[in-house]
Amino acid sequence: MSKPGSAYPLEKTEQKTETHTMSVLVDNEPGVLARVIGLFAGRGYNIESLTVSETEHEAHLSRITIVTTGTPMVIEQIKSQLDRLVPIHTVIDLTVLGQSLERELAMVKVAGKGEKRAEAARLAESFSAVVIDDSPEHFVFEITGEQSRIEEFVVAMQPLGLVEVCRTGLAALARGPERM
Amino acid sequence: MVLQALADQGVDHIFGYPGGAVLPIYDELFQQDWLKHILVRHEQGAVHAAEGYARSTGKVGVVLVTSGPGATNAVTGLTDALMDSIPLVCITGQVPTHLIGNDAFQECDTVGITRPCTKHNYLVRDVNDLAKVLHEAFYVARSGRPGPVVVDIPKDVQFATGIYTEVSNSQHKSYRPATVGDEDAIAEAVELMANAKRPIFYTGGGIINAGPVASERLRELVRMTGYPITSTLMGLGAYPASDKQWLGMLGMHGTFEANNAMHDCDVMICIGARFDDRITGRLDGFSPGSKKIHVDIDRSSINKTVHVDIPIVGDCAYVLEQMLGAWKAKNLKVDEVALKTWWGEIDHWRARKCLSYKMRDDVIMPQYALERLFALTRDKDVYITTEVGQHQMWAAQFLHFDEPNRWMTSGGLGTMGYGIPAAVGVQVAHPDSLVIDVAGEASVLMTMQEMSTAAQYDLPIKIFILNNQYMGMVRQWQELLHGSRYSHSYSEALPDFVKLAEAYQGVGIRAEKPSELDDKILEMIATPKPVIFDCRVDENANCFPMIPSGEAHNNMLLGDDVAEEDIGNVISETGKVMV
Ligand SMILES: Cc1ncc(C[n+]2csc(CCOP(=O)(O)OP(=O)(O)O)c2C)c(N)n1
Ligand SMILES: [Mg+2]
């Protein structure tokens, strides 16, 4: 009776955690999102990013894209638990599929004058960010791309008067001609 | 429209309690006589009664309660049904649609509150969806892994008239649970089974849920192989307890032979069970040397806590049939020599007689009371429900079930107060059978008011209280973990159960000496009215064997060992934080 043991898996497992992007096709009915979020909260799973929007109006379908982290066993559980929810049609693990297309949009507000302002504009151009609002004292840039690029851009703006950022969260699709 | 849908779903009993937000439905109930409504005394009781009804018949149980407090009172029952996979449809009244969100009188966010404690739930805002939703609710409740479904109906929708959708036009859009198992996995599984040297079947409530056919197939497969079988609390009765291949229940209070066989086996065939923590004990010590096959209708039960080698998603009844077919087609043979050695080991564990206890002639030992109850009822058509505590575990150990659907207990949630209302539900479904709630004096007070329901509908349920004047299970844990400091576990100020029975228009019987027990039990059985049987038992008896929390299967506490050791020292420091 010396070694710690558990009737519950109380201790943190030493397994490595992984980050996965899942695409979930659901009936667009009231409460679906609450069900999905409730599942994550209730079972203690992580949500790194979550986006949801109706994608097929006629068929009443919405697509939820979730980025989550966990051990491989937890990732498996998340998929099965999602699959079990009644209004959910399909759950696809895009990370397992590999090479999926992932994009995010961000709006980045930067305030400043003179040299800093000019530097912000130059940098934005090199990141292919677009100016969607401006005054002599500020810019709001729109940037779309992979998450890592957006993060780079935000870091680059930090010393140039970064005010605030709004990010949409990840949108993702599998490559190729097939439907999920 | 609600009643039409219930009729089309073949419902003939409904358990409920009225209130402002369901009055239109109650008015319809008043004007018909094919649907029998059982008026309970608390909404929790309605849900447990429907659970007892569902579990003993295999049908979907139906509940009708009002908005606000009616719905919140039902929450415990719904959670219980979710944990134990019981098919229920619970109709809740709601304030009229235009008042939703206004904190109206007796409004609560029923779909919000019940989202995590139902398999699925609906708020019906348009009367034209009502019939379709109700049919869908029945489909969802009974398909796949069964569970409770709530349909919340605002009062204005109840009054409205609209288009009725037939059952046949109510296919669900997305929900299609798998039924048949993957053939390749099954082929692999039967090979593994046939080559096993130390095999064991570990079965659970999934077999009961899959219907009597699943139990039959299980019996066929187990007998054909000659392998030992054990089951969880929820699965008792799927395989006959009187059979020689039966090892008894496994888990925290399971038998020495079942748990040791689980620990030492080389092939574990898990069917319709879910590796719950009460079963596995310490995970890293759980059956370390075995290959595991897991059949479950719910994919999320597979590889949740324990890694399995061959997962098979499907309905137990189908998969068992497929396994039988594959076994026969391949003409597989078991390893007779290895099996003989294995049974030799098992017999050795059996010889330990782990359920033995010290008989006394001055006080009734609880185990003895149940042995006598079993002996005197075994040739009867009997259904057992229980409350939660030591008595529940003793009932699982000392009452033996040869048929499925005869044993109704709150396993997953462990809800004190389940037994009486569940017995009411069972008795409604089986008016001529003997229905006994094996109870503890503390649990039984949680839903005692349902005695009044039993009286109203002439339901002659028998409440057999093992009265130890303690919340025995709590006291046992306090002995094990908290230096026998009995913080609030003594049942103070108990009512006189005999008088209480009489107050409820039933019959009270008390037994205090082992010598009078048989006669009193026979008297109880012969009484055609609800009975509360106050069986005064030894106050200090504890429930063994036991896998202490934080330990593995091969580290069980046995009753006679503990007597010699100081009971406060048997659980390790780390084990103490577990439940
Ligand atoms: C609703 C509820 N509250 C609390 C508990 C915790 N609990 C588990 S067993 C138990 C004691 C039960 O006492 P009793 O009914 O007398 O049964 P005994 O163990 O004495 O046989 C308690 C309080 C529970 N299971 N359910
Ligand atoms: Mg007690």
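Everything numeric here is computed off the predicted structure, so don't read it as measured data.

A short note on the overall build of chain B
Phase 1 of the analysis: Within chain B one finds 22 helices and 18 strands.
Phase 2 of the analysis: On C-alpha atoms alone, chain B measures out to a radius of gyration of 24 Å, which is about the 25 Å that the 2.2 N^0.38 rule sets for 579 residues.
Phase 3 of the analysis: Seen along its three principal axes, the alpha-carbon backbone of chain B occupies a region of about 70 × 60 × 45 Å.
Phase 4 of the analysis: The long-range fraction of contacts in chain B, counting pairs at least 24 apart against all pairs at least 6 apart in sequence, stands at 76%.

What about the pattern of salt bridges?
Phase 1 of the analysis: Evaluated as defined, the whole model comprises 33 salt bridges over all chains.
Phase 2 of the analysis: In this structure, the salt-bridge partner of Asp-83 of chain A is Arg-299 of chain B, at a minimum N-O distance of 3.3 Å. With one member in each of two chains, Asp-83 of chain A in helix 2 (residues 72–84) and Arg-299 of chain B in the loop between strand 11 (291–296) and strand 12 (310–313) form a pair that bridges those chains.
Phase 3 of the analysis: Of the residues examined, Asp-83 of chain A reaches a relative accessible area of 33% and is grouped as partly exposed.
Phase 4 of the analysis: Beyond isolated ion pairs, a larger network of salt bridges with shared partners links Asp-496, Arg-510, Asp-534 and Arg-536 of chain B.

Comments concerning the coordination of the magnesium ion (ligand 2)
Residues and elements named next belong to chain B.
Phase 1 of the analysis: The magnesium ion (ligand 2) binds to the protein through Glu-441 (OE), Glu-441 (OE), Asn-468 (OD1) and Tyr-470 (O); the donor distances cover 2.1 to 2.7 Å.
Phase 2 of the analysis: Coordination at the magnesium ion (ligand 2) is irregular, judged from the 6 donor atoms that bind it and the angles of 51 to 172° they form at the metal.
Phase 3 of the analysis: Donor residues for the magnesium ion (ligand 2) sit on one chain with the sequence pattern E-x26-N-x1-Y. Each member of the pair, Asn-468 together with Tyr-470, is buried.

Here we look at helix 19 (residues 472–481) of chain B
All names here are of chain B.
Phase 1 of the analysis: Within helix 19, 9 of the 10 residues are buried, leaving the element largely enclosed by the surrounding structure.
Phase 2 of the analysis: Along helix 19, the residues that are buried comprise Gly-472, Met-473, Arg-475, Gln-476, Trp-477, Gln-478, Glu-479, Leu-480 and Leu-481.
Phase 3 of the analysis: Check the buried side of helix 19 and you find it contacts helix 12 (277–280) and helix 16 (390–398).

Here we look at the pairing of strand 18 (residues 531–536) of chain B
Phase 1 of the analysis: Within strand 18 of chain B, 5 of the 6 residues are buried, which leaves it mostly tucked inside the rest of the structure.
Phase 2 of the analysis: In this view, the connection linking strand 17 (residues 507–511) of chain B to its parallel neighbour strand 18 of chain B by way of helix 21 (residues 514–526) of chain B has right-handed handedness.

Focus: the packing of helix 8 (residues 183–194) of chain B against helix 13 (residues 316–329) of chain B
Residues and elements named next belong to chain B.
Phase 1 of the analysis: Packing of helix 8 against helix 13 brings their axes to within 9 Å, and their N-to-C directions diverge by 60°. Crossing geometry of helix 8 relative to helix 13 is assigned as right-handed. Contacts between helix 8 and helix 13 involve Glu-183, Ile-186, Ala-189, Val-190, Met-193 and Ala-194 from the first element and Val-319, Gln-322, Met-323, Ala-326 and Trp-327 from the second.
Phase 2 of the analysis: Class assignment of the residues belonging to the contact of helix 8 with helix 13 gives a composition of 9 nonpolar, 1 polar and 1 charged.

Topic: the site of ligand 1
All names here are of chain B.
Phase 1 of the analysis: Residues in contact with ligand 1 amount to 17 residues; listed here are only the nearest, Gln-390, His-391, Ser-443, Tyr-470 and Gly-472.
Phase 2 of the analysis: Separating a nitrogen atom of ligand 1 from a backbone N or O atom of Gly-414 is a distance of 2.8 Å.
Phase 3 of the analysis: A distance of 3.0 Å separates an oxygen atom of ligand 1 from a polar side-chain atom of Asn-468.
Phase 4 of the analysis: Taking 590 Å² as the accessible area of ligand 1 by itself, protein coverage stands at 76%.
Phase 5 of the analysis: Those elements giving two or more residues to the shell around ligand 1 turn out to be helix 16 and helix 19.

With respect to the domain arrangement of chain A
Residue and element names in this part refer to chain A.
Phase 1 of the analysis: Looking at chain A, the domain boundaries give domain 1 (18–97) and domain 2 (101–173).
Phase 2 of the analysis: Between domain 1 and domain 2, the C-alpha centre-to-centre distance is 29 Å.
Phase 3 of the analysis: Contact residues are listed per partner, giving 8 residues for domain 1 and 7 residues for domain 2.
Phase 4 of the analysis: Summing the contributions of domain 1 and of domain 2, the shared interface buries around 530 Å²; its carbon and sulfur component is 56%.

With respect to the environment of Val-151 of chain B
All names here are of chain B.
Phase 1 of the analysis: You can see Val-151 is positioned in strand 6 (residues 148–154).
Phase 2 of the analysis: Once the C-alpha coordinates of Val-151 and Ala-185 are considered, the two residues, 34 residues apart in sequence, prove to be 38 Å apart.
Phase 3 of the analysis: In this structure Val-151 touches Val-89, Cys-90, Ile-91, Thr-92, Tyr-122, Val-124, Val-133, Leu-134 and Ala-137, once residues within four positions along its chain are discounted.

Comments concerning the side chain of Asp-315 of chain B
Residues and elements named next belong to chain B.
Phase 1 of the analysis: As for its placement among the helices and strands, Asp-315 is situated in the loop between strand 12 and helix 13.
Phase 2 of the analysis: For the buried residue Asp-315, which engages in no salt bridge, the nearest side chain bearing the opposite charge is Arg-217, 7.7 Å off.
Phase 3 of the analysis: A distance of 2.9 Å separates a polar side-chain atom of Asp-315 from the backbone nitrogen of Ala-317.
Phase 4 of the analysis: Apart from the residues within four sequence positions on either side, Asp-315 is in contact with Ala-178, Thr-179, Ala-210 and Ile-297.

Some points on the packing of aromatic side chains
Each aromatic ring pair is specified by the distance between its two centres and by the angle formed by the two planes.
Phase 1 of the analysis: Throughout the structure, instances matching the rule amount to 15 aromatic pairs over all chains.
Phase 2 of the analysis: These aromatic residues form a ring-pair network of at least three members: Phe-127, Phe-139, Phe-141 and Phe-153 of chain A.
Phase 3 of the analysis: It is Arg-117 of chain A that lies over the ring of Phe-139 of chain A; its NZ or CZ is 4.2 Å from the centre.
Phase 4 of the analysis: Positioned above the aromatic ring of Tyr-470 of chain B, the side-chain terminus of Arg-475 of chain B is 5.1 Å from the ring centre.

Criteria and thresholds
- Once a new chain begins, its residue numbering starts again from 1 and follows that chain's sequence as written.
- Written order determines the labels here, with chains lettered from A and ligands numbered from 1.
- For this predicted model, a pLDDT threshold of at least 70 governs which residues receive local features, and a threshold of 80 or more governs which side-chain atom pairs are given and counted, while totals over whole chains, interfaces and linings are taken from all residues.
- Hydrogen atoms and water are omitted, and side-chain values are computed over all heavy atoms in the structure.
- Numbering of helices and strands starts at the N terminus; helices are DSSP runs of H or I of at least 4 residues and strands are runs of E of at least 2.
- For a compact globule the rule gives 2.2 Å times the number of residues to the power 0.38, and the radius of gyration it is set against comes from C-alpha atoms.
- What makes two residues a contact is simply this: any of their non-hydrogen atoms within 4.5 Å.
- One speaks of a salt bridge when a side-chain nitrogen belonging to Lys or Arg is within 4 Å of a carboxyl oxygen belonging to Asp or Glu.
- Remark: exposure states derive from per-residue accessible area (1.4 Å probe, protein chains only) relative to the maximum for the residue type, with buried under 20%, exposed over 50%, and partly exposed in between.
- Note that water is not among the atoms considered, so a metal site may appear incomplete; the donors listed are N, O and S atoms within 2.8 Å of the metal, with 3.2 Å applied to Na, K and Ca.
- In short, tetrahedral needs four donors with all angles between 85 and 135 degrees, square planar needs four and octahedral six donors with opposite donors over 155 degrees apart and all other angles between 65 and 115, and whatever is left is irregular.
- Crossover handedness is defined by viewing with both strands directed away from the observer: a clockwise path from the first strand over the helix to the second marks the crossover as right-handed.
- Where helices are involved, their axes are fitted lines through C-alpha atoms of the stretch in contact, as for all axes, and angles between N-to-C directions lie from 0 to 180°.
- Here a crossing is taken to be left-handed if its near helix is turned anticlockwise relative to the far helix by less than a right angle, and right-handed if that turn runs clockwise.
- Residue polarity follows a fixed list, in which Ala, Val, Leu, Ile, Met, Phe, Trp, Tyr, Cys and Pro are nonpolar, Asp, Glu, Lys and Arg are charged, and the others, Gly among them, are polar.
- Any residue with a heavy atom lying within 4 Å of a molecule or strand is counted as near it.
- Nitrogen and oxygen atoms within 3.5 Å of one another constitute a polar contact, given that in protein one can donate a hydrogen and the other can accept it, and given that sequence-neighbouring residues count only through two side-chain atoms.
- Values of accessible area rely on a 1.4 Å probe in the Shrake-Rupley scheme; residue burial ignores everything except the protein chains shown.
- Each domain's extent is set by a domain assignment, obtained either automatically or from a database.
- Accessible area that two parts lose when put together, evaluated with a 1.4 Å probe and summed over both, is termed the buried area.
- None of His or the chain ends enter the tally, which takes Lys and Arg as positive and Asp and Glu as negative.
- For Phe, Tyr and Trp, rings pair up if their centres lie within 6.5 Å, where Trp contributes its six-membered ring, and each pair is then called stacked (planes under 30 degrees apart), edge-to-face (over 60) or tilted (otherwise).
- Think of it as a cone above the ring: NZ of Lys or CZ of Arg counts as a charge over the ring if it is within 6 Å of the ring centre and within 35 degrees of the ring normal.

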